[in-house]
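A look at the structure
Below, each chain spelled out in residue letters.
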Amino acid sequence: MIEVSGLQKTYLMGEEQVAALADVSLSIARGEHVAVIGPSGSGKSTLMNILGGLDRPSAGAYRFEREAVGAFDDDQLADFRNRRIGFVFQSFQLLPRLSALQNVELPLVYAGVDPRERRDRAAELLGRVGLNQRMDHRPTQLSGGQQQRVAIARALANGPDLLLADEPTGALDQATGQEVLALFDELNGQGLTLLVVTHDAGVAARARRRIAFRDGRVVSDDGDAA
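Criteria and thresholds
Residues numbered from 1 in each chain as written. Predicted model: local features only at pLDDT ≥ 70, side-chain atom pairs only at ≥ 80, totals over all residues. Heavy atoms only, no water. Salt bridge = Lys/Arg side-chain N within 4 Å of Asp/Glu carboxyl O. Helix = DSSP H or I, 4+ residues; strand = E, 2+ residues; numbered from the N terminus. Buried < 20%, exposed > 50% of the residue type's maximum accessible area, 1.4 Å probe, protein only. Phe/Tyr/Trp six-rings, centres within 6.5 Å; stacked < 30°, edge-to-face > 60°. 1 Å grid on protein atoms, 1.4 Å probe; cavity = no way out; pocket = protein on both sides within 12 Å on 5 of 7 lines; lining within 4 Å. Points joined across faces, edges and corners; volume = space filled by probe spheres on them. Nonpolar A, V, L, I, M, F, W, Y, C, P; charged D, E, K, R; others polar.

A complete count under the given rule lists 15 salt bridges for this structure. With a shortest N-O distance of 2.6 Å, Arg 83 and Asp 79 are connected by a salt bridge. You can see Arg 83 and its partner Asp 79 sitting in helix H2 (residues 74–84), four residues apart, about one turn around the helix. With relative accessibility at 41%, the residue Arg 83 sits in the partly exposed group.

Structure below.
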């Protein structure tokens, strides 16, 4: 599914260029459950942002199911993010004035889905993550674990090929975090490709493959998509 070759990302900080990624090459097959691990500043979140189309590399190639993502213009990249990628973040990123149902509907609004269809689909997804009794609640009326479940439902709204999760249990207590990880296991078992960025060894242990980063480089990889 994913092939990156010679990936580099540099940022200009003052007059100095800082390398967030340096010559990263890897592949991820459809259906894999991968944990990307490493200390803060190691490049793992930069990689996730590039894979999700939130950022562009400074050099190197990124192909998603043989499509050259680096050649996409801004509109194509936005369409790629909305149709092919689901995002889950540590801070949930829910809109506080909208209900759980309306938050899940948002990607479907951007995709131009008919209002009745998107409401039905959003309700189905909230039921799938165990929140069918909380659809009309706003984020402030939900626990942290419930908010993350809404975020997961939203990430699944357009039937993505790849789910990217950045420290998805970082703001949750241990028991709630385990519930979210069990949901990820279930989704991966149904065939969804899952990449989780984490510094938590317990979260990484749930994955079938672990790729470790340090100083913008891959320093270990205990699996191979080939």
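So, next bit.
Moving on to the packing of aromatic side chains. Applying the stated criterion to the full structure yields three aromatic pairs. A ring pair is formed by Phe 64 and Phe 80, whose centres lie 5.2 Å apart and whose planes are at 80°; its orientation type is edge-to-face. Here Phe 64 is found in strand S4 (residues 59–64), whereas its partner Phe 80 is found in helix H2, with 16 residues between them in sequence. Across the pair, exposure class does not vary: Phe 64 and Phe 80 are buried alike.

Let us look at the layout of surface pockets. Quantified by volume, the largest pocket comes out at close to 430 Å³. As for the largest pocket, its lining consists of 17 residues, and the residues nearest its centre are Asn 82, Phe 87, Pro 107, Tyr 110 and Arg 154. At four residues, the largest contribution of residues to the lining of the largest pocket is made by strand S6 (residues 85–89). Considering only residue class, the lining of the largest pocket consists of 11 nonpolar, four polar and two charged.

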